[in-house]
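# Coordinates in review
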Amino acid sequence: MSKVMLITGASRGIGAATARLAAAKGYALCLNYHQQQAAAEALVSEITQAGGQAIAVQANVADETQVIAMFEQLDQHFGRLDVLVNNAGMLETQMRLEQMDLARWQRVFATNVFGSFLCSREAIKRMSTRQGGHGGAIVNLSSAAARLGAPDEYIDYAAAKGAIDSMTLGLAKEVAGEGIRVNAVRPGLIATQIHASGGEPERVARVSPSIPMGRGGLPMEVAEAILWLASEQASYVNGALLDVSGGR
Ligand code: NDP
């Protein structure tokens, strides 16, 4: 039987690259998306036409009711869960902290932090050996921003990713005895559409000269790290924050 992986925010970017690599490695996939239904369904078609297994499930990860419904769809379709990738994330327009308002911080924390908390809670209920599950792995998407702070751009996003680091460290210890490993990747500057939502689509080109390796990363280079942390090859890796950032 194939192992089942749920990837949040799999319609594009790092999540879609992770889905393609996971399908190639034989995982059955539950691909969550928020707004881009056509992109998610095209990815499902691509995977199934190549002989893989995948379904697309719409849910806003910041909405508790929708997250619970998504996991119920996963239960009905696959009947098991082996890996959760908490990839869904967002940021807002670049600005200084004193220009930001509370509503923005609530949106940024709702998706980036509470979305990962909600999905982790539902995954643990299914994977924990203490609750009748057979163990598994959680891989969180943090960011190099958690340690760089993102001044003049989005300190709120950086702080949300800092919260993901803390959650990773705590949860890794909390469920280590229940067959679940919890780790995070901290990507640096990766070429996806997320930078356009910050108001600077060409951010990768601007910042690349300051990266020790002299270039931004590709979504697939992050996917490789995610798949390794999820795999049996990482069987003794727990609570790790793995930088995938070209030395930045
Ligand atoms: P993209 O903006 O390219 O894609 C974001 C994905 O998240 C989309 O699939 C989107 O769904 C989904 N998403 C956004 N909000 C929600 C929500 N509320 N509920 C469910 N899904 C949602 O981002 P990246 O691929 O660049 O980023 C992926 C992860 O990696 C994020 O957590 C990000 O913070 C992190 N990261 C990215 C870096 C980079 O340089 N790109 C650097 C460091 C970390 P839809 O399209 O359907 O709306």
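Throughout what follows, the structure given in this document is the object of discussion. Here the structure is a predicted model, which is why all the values come from computation and not from measurement.

Below, the discussion takes up the site of the ligand. S11, R12, N87, Y157 and T192 are the nearest of the 31 residues found near the ligand. In the model, an oxygen atom of the ligand is placed 2.5 Å from a nitrogen or oxygen of the T192 side chain. In the complex, 96% of the free accessible area of the ligand, which totals 910 Å², lies under the protein chains. Put simply, the parts of the chain that give the shell around the ligand at least two residues each are α1 (13-24), β2 (28-33), α6 (155-174) and α7 (194-197). Residue composition of the shell around the ligand, grouped by class: 12 nonpolar, 17 polar and 2 charged.

Our next topic: the sheet that holds strand β3 (residues 53-58). The 7 strands are arranged β3-β2-β1-β4-β5-β6-β7 in an open sheet whose pairing can be described as parallel. Of all the strands in the sheet, the pair left with one neighbour each is β3 and β7 (241-244). Across the sheet, the mean angle separating the axes of adjacent strands is 20° when strand polarity is ignored. Relative to β2, strand β1 (residues 4-7) is paired through 4 bridges, and the arrangement is parallel. Looking at the pairing, L6 lines up with C30 of β2. On the sheet, helix α9 (residues 219-230) packs against β1, β4 (83-86), β5 (136-141), β6 (180-187) and β7 and is oriented at approximately 165° with respect to β6.

A separate point is the packing of aromatic side chains. Counted under the stated rule, the structure contains 1 aromatic pair. The interplanar angle of 75° and the centroid separation of 5.6 Å between the aromatic rings of Y154 and Y157 together place this pair among those described as edge-to-face. Overall, the relative accessible area of 2% leaves Y154 in the buried class.

On to the pattern of salt bridges, then. Under the definition given, this model contains 19 salt bridges. When the shortest N-O distance is used, the salt bridge between E46 and R20 registers 2.7 Å. With E46 in helix α2 (residues 37-49) and R20 in helix α1, this pair connects stretches of sequence that are 26 residues apart. Residue E46 is classed as partly exposed on the basis of its relative accessible area, which comes to 37%. Residue classification places R20 among the partly exposed residues on the basis of a relative accessible area of 37%. Of the charged contacts, one joins R121 and E122 as a salt bridge, the two residues approaching to 3.1 Å between their closest N and O atoms. Judged by its relative accessible area of 34%, R121 falls in the partly exposed class. Connected via shared salt-bridge partners are E64, D75, R121, E122, K125 and R126.

Scoring rules and cut-offs
- Residues numbered from 1 in each chain as written.
- Predicted model: local features only at pLDDT ≥ 70, side-chain atom pairs only at ≥ 80, totals over all residues.
- Heavy atoms only, no water.
- Near = heavy atom within 4 Å.
- Polar contact = N/O pair within 3.5 Å; in protein donor to acceptor, adjacent residues only side chain to side chain.
- Areas by Shrake-Rupley, 256 points an atom, 1.4 Å probe, with all protein chains shown as cover.
- Helix = DSSP H or I, 4+ residues; strand = E, 2+ residues; numbered from the N terminus.
- Nonpolar A, V, L, I, M, F, W, Y, C, P; charged D, E, K, R; others polar.
- Pairing = 2+ DSSP bridges.
- Axes fitted to C-alpha atoms, helices over the stretch in contact; angles between N-to-C directions.
- Contact = heavy atoms within 4.5 Å.
- Phe/Tyr/Trp six-rings, centres within 6.5 Å; stacked < 30°, edge-to-face > 60°.
- Buried < 20%, exposed > 50% of the residue type's maximum accessible area, 1.4 Å probe, protein only.
- Salt bridge = Lys/Arg side-chain N within 4 Å of Asp/Glu carboxyl O.

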